[in-house]
Amino acid sequence: GAGVSQTPSNKVTEKGKYVELRCDPISGHTALYWYRQSLGQGPEFLIYFQGTGAADDSGLPNDRFFAVRPEGSVSTLKIQRTERGDSAVYLCASSATGDRPPDTQYFGPGTRLTVL
Amino acid sequence: GNSVTQMEGPVTLSEEAFLTINCTYTATGYPSLFWYVQYPGEGLQLLLKATKADDKGSNKGFEATYRKETTSFHLEKGSVQVSDSAVYFCALSDREGGGSYIPTFGRGTSLIVHP
């Protein structure tokens, strides 16, 4: 079956521009997570959706970052006024329920964002 | 807050050698513990997990035991193969402050296995 997919795989943009990163989770998974992974680091949590709502957005670094999941499946991470420090690999993961016991998260291949 | 510390890499071994990658954690609650693996050019995938003290997670010849007394979850394999070359991430999932189960990852340890 299809896994988690992310588009684009690579995105190069200029400082100050707006970007959107898309995540298609596994069909039927209610929980969706966004992470940011910098070189040589582990994934850093950004935001968690349970269905259509953001259950926890405590990892978003500032108000330039925003994410939506309007129909409870596909999610879009939006970054305004990009800065060079936003350059990283953005990972998406989904899981069946997100509940106790923590169920398995399935990760997408990531979008590599480069801000020039 | 929660944190995960794992040994720095790269770890370089010959095929059939014994592998240990150390992982220790700090958590405010009673976390579940995970090892993820990222093969070259691929996304992260769950390798094994343990949800309570003294549980042993195992998969593909890898094992890790949840040690609450030492707050550790070391990854071991008795005989590594070239195909095990990858980056390994230790992680915990805990409900800080009674909120959602949010994972915290270590920095990753690169394993290189030579024939």
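In short, a report on the structure. (Residues numbered from 1 in each chain as written. Chains lettered and ligands numbered in written order. Predicted model: local features only at pLDDT ≥ 70, side-chain atom pairs only at ≥ 80, totals over all residues. Heavy atoms only, no water.)

### Concerning the sheet that holds strand β9 (residues 75-77) of chain B
All names here are of chain B.
Here's step 1: Read across the open sheet, the four strands follow the order β3-β9-β8-β7; overall the sheet is antiparallel. Strands with a single pairing partner mark the edges of an open sheet, and in this sheet they are β3 (19-21) and β7 (56-59). Mean inter-strand twist for the sheet, computed between neighbouring axes without regard to direction, equals 20°. (Pairing = 2+ DSSP bridges. Helix = DSSP H or I, 4+ residues; strand = E, 2+ residues; numbered from the N terminus. Axes fitted to C-alpha atoms, helices over the stretch in contact; angles between N-to-C directions.)

### A few points about the side chain of H29 of chain A
Residues and elements named next belong to chain A.
Here's step 1: Locating H29 in the fold gives a position in the loop between β3 (19-24) and β4 (31-37).
Here's step 2: Polar side-chain contacts of H29 include one of 3.4 Å to the backbone nitrogen of S95.
Here's step 3: Not counting the four nearest positions on each side in its chain, H29 is found in contact with R69, G72, S94, S95, A96 and Y106. (Polar contact = N/O pair within 3.5 Å; in protein donor to acceptor, adjacent residues only side chain to side chain. Contact = heavy atoms within 4.5 Å.)

### Here we look at the sheet that holds strand β1 (residues 5-7) of chain A
Residue and element names in this part refer to chain A.
Here's step 1: Taken in spatial order, the four strands of this open sheet run β1-β3-β8-β7, and their pairing is antiparallel. In this open sheet, the two edge strands, each paired with only one partner strand, are β1 and β7 (65-68). Between one strand axis and the next, the sheet turns by 15° as a mean value, whatever way the strands run.
Here's step 2: Sheet topology places β3 next to strand β8 (residues 75-79); five bridges connect them, and they run antiparallel. By the bridge assignment for β8, C23 is matched with S75.

### Let's talk about the state of the cysteines
Residue and element names in this part refer to chain B.
Here's step 1: Within this structure, the stated rule accounts for two disulfides over all chains.
Here's step 2: A disulfide bridge connects C23 with C90, and the sulfur atoms are separated by 1.9 Å. A torsion of -70° about the S-S bond marks the disulfide between C23 and C90 as left-handed. Of this pair, C23 sits in strand β4 (residues 23-26) while C90 sits in strand β10 (residues 86-94); the two residues are 67 residues apart in sequence, bridging distant segments of the chain. For the pair shown, C23 and C90 are each scored as buried. (Disulfide = S-S within 2.5 Å. Buried < 20%, exposed > 50% of the residue type's maximum accessible area, 1.4 Å probe, protein only.)

### Things to note about the environment of Q41 of chain A
Here's step 1: As for its position among the elements, Q41 of chain A is in the loop between β4 and β5 (44-50).
Here's step 2: The exposure class of Q41 of chain A is partly exposed, given its relative accessible area of 30%.

### Quick notes on the pattern of salt bridges
All names here are of chain B.
Here's step 1: In total, this model carries eight salt bridges over all chains according to the counting rule given.
Here's step 2: D54 is paired through a salt bridge with R67; the nearest N and O atoms lie 3.9 Å apart. With D54 in the loop between β6 (45-50) and β7 and R67 in the loop between β8 (62-65) and β9, this pair connects stretches of sequence that are 13 residues apart.
Here's step 3: For D54, a relative accessible area of 54% translates into the label exposed.
Here's step 4: Across the salt bridge formed by E63 and K56, the nearest N and O atoms sit 3.6 Å from each other. (Salt bridge = Lys/Arg side-chain N within 4 Å of Asp/Glu carboxyl O.)

### With respect to the nonpolar core
Here's step 1: Core analysis: the biggest nonpolar cluster contains 26 residues, and L19, W35, L47, L48, F73, L75 and Y88 of chain B have the highest contact counts within it.
Here's step 2: A total of four residues in this core trace back to one element, the largest contributor, which is β10 of chain B.
Here's step 3: The residues touching L75 of chain B, leaving out its near neighbours within four places in the chain, are L19, T20, I21, W35, L47, L48, F62, E63, A64 and Y88 of chain B.
Here's step 4: Counting residues in each nonpolar core, the second largest holds 20 residues, with V19, L46, I47 and Y90 of chain A among its members. (Core = buried A, V, L, I, M, F, W, Y, C linked by side-chain atoms within 4.5 Å.)

Functional significance is not addressed by these values, which are geometric in nature.
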